[in-house]
Protein chains: 4
Amino acid sequence: MGKDRLAAFSDGVFAIIITIMVLELKVPHGSSWEVLAGVAPNFVSYVLSFVYLAIYWNNHHHLVHTVARVDGLILWANSHLLFWLSLIPAATAWMGENFLASIPTAVYGTSLLMPAIAYYLLQKAIMRRQGTHSVLANALGGDFKGKISSILYAAGIGLAFVSAWLSVAIYVLVAAMWLIPDRRIENMLREK
Amino acid sequence: MGKDRLAAFSDGVFAIIITIMVLELKVPHGSSWEVLAGVAPNFVSYVLSFVYLAIYWNNHHHLVHTVARVDGLILWANSHLLFWLSLIPAATAWMGENFLASIPTAVYGTSLLMPAIAYYLLQKAIMRRQGTHSVLANALGGDFKGKISSILYAAGIGLAFVSAWLSVAIYVLVAAMWLIPDRRIENMLREK
Amino acid sequence: MGKDRLAAFSDGVFAIIITIMVLELKVPHGSSWEVLAGVAPNFVSYVLSFVYLAIYWNNHHHLVHTVARVDGLILWANSHLLFWLSLIPAATAWMGENFLASIPTAVYGTSLLMPAIAYYLLQKAIMRRQGTHSVLANALGGDFKGKISSILYAAGIGLAFVSAWLSVAIYVLVAAMWLIPDRRIENMLREK
Amino acid sequence: MGKDRLAAFSDGVFAIIITIMVLELKVPHGSSWEVLAGVAPNFVSYVLSFVYLAIYWNNHHHLVHTVARVDGLILWANSHLLFWLSLIPAATAWMGENFLASIPTAVYGTSLLMPAIAYYLLQKAIMRRQGTHSVLANALGGDFKGKISSILYAAGIGLAFVSAWLSVAIYVLVAAMWLIPDRRIENMLREK
């Protein structure tokens, strides 16, 4: 199986996950400003999750671009990543309905931490096939950005029980940090 | 990343947005003509939004066709467009449930204005890469159609508080204006 | 725009329409055989619509295969077909909930008749571009199968107010008639 | 029609089936641990079905890879497989809502058995075209793994009325058995 098929299936799942989230954005009965304002927390949650999924889609494609041949391990590491990403809409809906409540905010953080770990494992699976001196290994280096993100998600999960505002601020911060596409791989590929 | 991947992902999102709108088209309990007639406002809203999304898909493809190389800015300008388009089903459902109510009609207009602005920014991002004498820049010229649409959407949003009928008429008018695919780019490409 | 893009977007819409129908197949609360049996009408409706959509996907692809160059008319004729197909899930859900009630059965028949007309118009749009002596024109001939289907759908719609059983039987009959892929085009292409 | 189109359409349906299942994973109102814990049975059901669909996607692609030319029979055998797979989300939701109840557990097992049979028929349809000495025929041999799975599903369905725990354990066991991609075909292709 070539990487094109893997990318196409992943694209499909990404496109669906990012779009079905909007199904949760239901305006309740009524047509007043108050009713509309009531959807604001769901809207904020949706925006944050949309940005996260767009970041993952973006970086996922740079990552898959470095793959030469897909093996069984890469395939399952990729499905593992898609599994955790598929939970983001449910976590988003729960946080949107219970905005700034401790447990939903912590669960949302977990729904961000798990794909981060899965993404790390997918990188490992790809590098295992390429060797430690591969383009990807060089490009990632110590993978500082990946590691700091996971630490920040974990901090956000813990802080949700102290101040949910702070947790959400951390989630926004990590998203902002990743909004720039992964220049490391891009640069390495260009130099090659 | 080539433009094919960008087009494929966008295609997926377009296909899903256009299709999940139909999930809102639920006939309530009962099997009489009255029950069916009650869905009419939702149906009208659905038709209008379907036409808008088909127009965007159509023009989006002519636009992407002019792109030679995708950079980070184009990528995010595209995700930004998809974000606003993804809100159309929610706005459609709200307008369908509260047909000709002022606020939902204005919100629906906003859900049309925002993608128009995002589309304009995407054009700018593509032209920035191509230079001001590019095919696209020449094809668009002053982009009269794009500008007049945004003005009409804004007028529709304002008029919703005077006469929602008039707003909907304006939205229909703009759709009719765009039903013809963007001949400007098509023509320029042919002449080239 | 090449036919590949048209086919890819249509594939996406087909895949989503065929799959979201299953969202209507919700087993109500309870875990007894009675509860399960209550879903039977929805299941039967789902099977019928699944078969119809699979037939359309199948024949749509044979049809698109004959297209050399996509123009604006073909594009809109295709979107028009997808629009009517996208209403099948809603009509299926309504018929499933009100099995053998006259109006839902007639509406379901209409949801089958409209795509049949749209498909006919799409064929016309393609032939207009190819000329009357094209492969497609020869393959279709008088398009007996297409015409008889539309007549049968119309008969089914009318008979729904006499005997809904008879209508459903007619819809099943037309599906059976089309289950065989369109050999006419296949044969013409082979001979060429 | 080439196998690429068949694979692309199947990919789309797989991606949607695997993703819409998550729509059933709705956390009910409230933001406590108890509320979250109440979703546990739905989550377990979701994980199991996700793994099953990922296995099918994976093996489906190895299978389609051996196809040289798609005929009408292969096309319908494939649609038949997709039909049964499309019922897994509904069966998953019902089992998730009524965890360890006999009938939903048996119905879930049936929703696993039917695609297994459909997959077997798809293999037959492909081999019929390739001849009995084809790569696929050799690779599958007696298709021990396929046969034992069907027997285990049937056992799980029957045992659901004795001990639903045991049924679920069997479903997990079969999934574990298939988690390894189909090496048989992979090996044959390599040797070729």
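Residues numbered from 1 in each chain as written. Chains lettered and ligands numbered in written order. Predicted model: local features only at pLDDT ≥ 70, side-chain atom pairs only at ≥ 80, totals over all residues.

**Some words on the overall build of chain A**
The condition that has to hold: Secondary structure elements follow DSSP: runs of H or I of four or more residues count as helices, runs of E of two or more count as strands, with numbering from the N terminus. Any residue surrounded by 20 or more other C-beta atoms within 10 Å of its C-beta is treated as buried, while 12 or fewer makes it exposed and the intermediate range makes it partly exposed; C-beta atoms here are placed from the backbone. Placing C-beta atoms from the backbone, we regard two residues as in contact once those atoms come within 7 Å.
Each helix and strand in chain A was counted, giving ten helices and zero strands. Counting across all 192 residues of chain A, residues that qualify as buried make up 47%. Here the analysis covers contacts within chain A between residues at least 6 apart in sequence; of these, 76% occur between residues at least 24 apart.

**Remarks on the relation of the copies chain B and chain A**
Here is the rule we go by: When the copies are superposed, the least-squares fit draws on C-alpha atoms of residues that have pLDDT of at least 70 in both.
After a rotation of 90° and a shift along the axis of 0.0 Å, chain B superposes on chain A with an RMSD of 0.0 Å. What we have between these two chains is a four-fold relation. Mapped onto chain A, only 13% of the interface residues of chain B again fall at the interface, so the copies present different surfaces.

**Overview of the confidence of the model for chain A**
To keep it simple, the criterion reads: pLDDT measures how confident the predictor is about each residue, on a scale from 0 to 100.
Overall, the predicted model of chain A reaches an average pLDDT of 86, with 86% of residues at or above 70. Predicted complex, confidence summary: ipTM 0.86, pTM 0.89.

**Describing helix H5 (residues 88-97) of chain A**
All names here are of chain A. Counting buried positions along H5 yields nine of ten residues, so the element is predominantly enclosed. Taken residue by residue, H5 has Ile-88, Pro-89, Ala-90, Ala-91, Thr-92, Ala-93, Trp-94, Met-95 and Gly-96 as its buried positions. Buried residues along H5 sit in contact with helix H1 (3-20), helix H3 (40-65), helix H4 (72-86) and helix H6 (102-130).

**Some remarks on the interface of chain B and chain A**
Selection rule: Side-chain classes follow a simple rule in which Ala, Val, Leu, Ile, Met, Phe, Trp, Tyr, Cys and Pro form the nonpolar group, Asp, Glu, Lys and Arg form the charged group, and the remainder, Gly included, forms the polar group.
Each partner contributes to the interface: chain B provides 23 residues, whereas chain A provides 22 residues. Where the side of chain B that touches chain A is concerned, the elements lending two or more residues are helix H1 (3-20), helix H4 (72-86), helix H5 (88-97) and helix H6 (102-130) of chain B. The element that contributes the greatest number of residues to the side of chain B that touches chain A is H1 of chain B, accounting for eight residues. Of the residues that constitute the side of chain B that touches chain A, the class distribution is 17 nonpolar, five polar and one charged.

**Observations regarding the interface of chain B and chain C**
Facing the 21 residues of chain B at the interface are 24 residues of chain C. Contributions of two or more residues to the side of chain B that touches chain C are made by H1, helix H2 (33-37) and helix H3 (40-65) of chain B. Sorting elements by how many residues they give to the side of chain B that touches chain C places H1 of chain B first, with seven residues. The residue makeup of the side of chain B that touches chain C, split by class, is 14 nonpolar, six polar and one charged.

**Brief notes about the nonpolar core**
Here is the rule we go by: Put simply, a nonpolar core is buried Ala, Val, Leu, Ile, Met, Phe, Trp, Tyr and Cys residues tied into one set by C-beta atoms within 7 Å.
Membership of the largest hydrophobic core comes to 241 residues, with the highest contact counts inside it found for Leu-53 of chain A, Leu-53 of chain B, Leu-53 of chain C together with Leu-53 of chain D. Not counting residues within four places of it along the chain, the set of residues in contact with Leu-53 of chain A comprises Phe-14, Ile-17, Ile-18, Leu-85 and Ile-88 of chain A.

**Regarding the packing of helix H3 (residues 40-65) of chain D against helix H9 (residues 164-178) of chain D**
All names here are of chain D. Just so we agree on the cut-off: Here, axes are lines fitted to C-alpha atoms. For helices the fit covers the stretch in contact, and angles between N-to-C directions go from 0 to 180 degrees. In this scheme, a crossing is called left-handed if the near helix is turned counterclockwise away from the far one by less than a right angle; it is called right-handed if the turn is clockwise.
Closest axis-to-axis distance for the H3/H9 pair is 10 Å, and the angle between their directions is 35°. In this structure, the crossing between H3 and H9 has a hand that is left-handed. Two secondary-structure elements touch here, H3 through Leu-48, Val-51, Tyr-52 and Ile-55 and H9 through Tyr-171, Val-172, Ala-175 and Trp-178. Within the contact of H3 with H9, the residues separate by chemical class into eight nonpolar, no polar and no charged.

**Remarks on unusual backbone geometry**
For Leu-100 of chain B, which is not a glycine, the phi torsion comes out positive at approximately 70°. Tracing the chain through its elements places Leu-100 of chain B in the loop between H5 and H6.

**What to know about the packing of helix H1 (residues 3-20) of chain C against helix H3 (residues 40-65) of chain C**
Residue and element names in this part refer to chain C. This is how it is decided: Each angle is binned into one of four classes, with values under 35 degrees roughly parallel, values over 145 roughly antiparallel, values of 65 to 115 roughly perpendicular, and all other values oblique.
Where H1 contacts H3, the axes come no closer than 10 Å and their chain directions differ by 175°. Judged on the interaxial angle alone, H3 and H1 are roughly antiparallel. In this structure, H1 uses Lys-3, Leu-6, Ala-7, Ser-10, Phe-14, Ile-17 and Ile-18 to contact H3, whose residues at the interface are Phe-50, Leu-53, Trp-57, His-60, His-61 and Val-64. Its residues placed into classes, the contact of H1 with H3 shows nine nonpolar, three polar and one charged.

**Focus on the environment of Leu-81 of chain D**
Residues and elements named next belong to chain D. For Leu-81, the position within the fold is in helix H4 (residues 72-86). As for Leu-81 and Ile-148, which are separated by 67 residues in sequence, their C-alpha atoms are 19 Å apart. Those residues in contact with Leu-81 that lie beyond four places of it in its chain are Pro-115, Ala-118, Tyr-119 and Leu-122.

**Here's the deal with the environment of Leu-159 of chain B**
All names here are of chain B. Among the secondary structure elements, Leu-159 is positioned in helix H8 (residues 144-159). Residue Leu-159 is classed as buried on the basis of its 20 C-beta neighbours within 10 Å. It is 34 Å that separates the C-alpha atoms of Leu-159 and Met-127, two residues lying 32 residues apart in sequence.

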